[in-house]
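# Chain and residue survey
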Amino acid sequence: GSPVHLGCSAEGRPPPLLTWFRGPQVLREEPGAEALPLHLAQVRPQDSGTYTCVAENRHGRHNRSLELHVA
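Given the structure is predicted, the values throughout are model-derived calculations rather than measurements. (Residues numbered from 1 in each chain as written. Predicted model: local features only at pLDDT ≥ 70, side-chain atom pairs only at ≥ 80, totals over all residues. Heavy atoms only, no water.)

## Focus: the pattern of salt bridges
- Counted according to the given criterion, the structure contains one salt bridge.
- R61 is the salt-bridge partner of E56, the closest N and O atoms lying 3.3 Å from each other.
- A relative accessible area of 30% means that E56 is categorised as partly exposed.
- Using a relative accessible area of 48% as the deciding quantity, one classes R61 as partly exposed. (Salt bridge = Lys/Arg side-chain N within 4 Å of Asp/Glu carboxyl O. Buried < 20%, exposed > 50% of the residue type's maximum accessible area, 1.4 Å probe, protein only.)

This is the structure we're talking about:
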C-alpha cells in the first residue's frame, strides 16, 4: 500500500520520446520531455514486475529496466 516513485530522464537532439513500460504495456509516454516520472500510488503484489524506461529519437534508442518486487 506504499507509494513508489520511479524516475527517468534523458537528453538528446532532437529531444527524445520517453516511454515507461511494464512488460509490453505502455504506462506513460511523453515526447520531448527531459524527465518522465512514474508514480505508483499504492503498490500491491500484482504491481510486481519489470518496469522499463525507453528514450528514443531518430539517432537511437536507450533503455533501463528495474524489477519491482512487492510482498
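## With respect to the sheet that holds strand β6 (residues 60-68)
- Within the open sheet, the four strands sit side by side as β3-β2-β5-β6. Their pairing is antiparallel. Looking at strand neighbours, the two that pair on one side only are β3 (25-31) and β6, the edges of this open sheet. The average angle at which neighbouring strand axes cross in this sheet is 15 degrees, direction not considered.
- Pairing geometry for strand β2 (residues 17-22) and β3, over six bridges, is antiparallel. By the bridge assignment, R22 is partnered in β3 with Q25. (Pairing = 2+ DSSP bridges. Helix = DSSP H or I, 4+ residues; strand = E, 2+ residues; numbered from the N terminus. Axes fitted to C-alpha atoms, helices over the stretch in contact; angles between N-to-C directions.)

That's the geometry; what it means functionally is another story.
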